[in-house]
Amino acid sequence: MAKKKGKGAGAQQAKAKAETQGIGGKIGEFVEFLEESKGEIKKVVWPTRKETIQTCSAVLVLVVVMSLFLGVVDMGLSKLVETILS
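Residues numbered from 1 in each chain as written. Predicted model: local features only at pLDDT ≥ 70, side-chain atom pairs only at ≥ 80, totals over all residues. Heavy atoms only, no water.

Q: Explanation requested: the overall build of the protein chain in the structure shown.
A: From N to C terminus, the protein chain includes 2 helices and 0 strands. Considering the protein chain as a whole, with its 86 residues, one finds that 2% of them fall into the buried category. Accessible area for the protein chain stands at about 8400 Å²; split by element, carbon and sulfur atoms hold 69% of it. (Helix = DSSP H or I, 4+ residues; strand = E, 2+ residues; numbered from the N terminus. Buried < 20%, exposed > 50% of the residue type's maximum accessible area, 1.4 Å probe, protein only. Areas by Shrake-Rupley, 256 points an atom, 1.4 Å probe, with all protein chains shown as cover.)

Q: When you look at a nonpolar patch on the surface in this model, what are you seeing that I'm missing?
A: Taken together, the side chains of Leu-62, Met-66, Phe-69, Leu-70, Val-73, Leu-77, Leu-80, Val-81, Ile-84 and Leu-85 define a hydrophobic patch exposed on the protein surface, amounting to about 1000 Å² of accessible area. Counting through the fold element by element, Leu-77 comes out in helix H2 (residues 49-85). Classification of Leu-77 by relative accessible area gives partly exposed; the value is 48%. (Patch = residues over 30% accessible without salt bridge, like charges linked within 9 Å, V, L, I, M, F, W, Y side chains within 5 Å. Salt bridge = Lys/Arg side-chain N within 4 Å of Asp/Glu carboxyl O.)

Q: Would you explain a negative patch on the surface in this entry?
A: A cluster of acidic side chains, namely Glu-29, Glu-32, Glu-35 and Glu-36, defines a negative patch on the protein surface. With respect to the helices, strands and loops of the structure, Glu-32 is situated in helix H1 (residues 9-43). You can call Glu-32 partly exposed: its relative accessible area is 45%. (Lys, Arg positive; Asp, Glu negative; His and termini not counted. Charge placed at Lys NZ, Arg CZ, Asp CG, Glu CD.)

Spelled out as structure tokens, the structure:
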């Protein structure tokens, strides 16, 4: 018959493993992270120059339109409040 492990057995094993790794283990984990990150970056589909220019243009146009709209609304509300208070 198999022995049952206590609830804390997994936590104790993880703690013991972490203690034995030390600084060398952390460096190894960091190197592994960098290698995996490099692989993920290769999977990225970067936008073309034309797509980037189109997207930036759309954002700039939207910013200008929204700025004008909010400026007009602000001016209108300011005049309304000024009229009510005077």
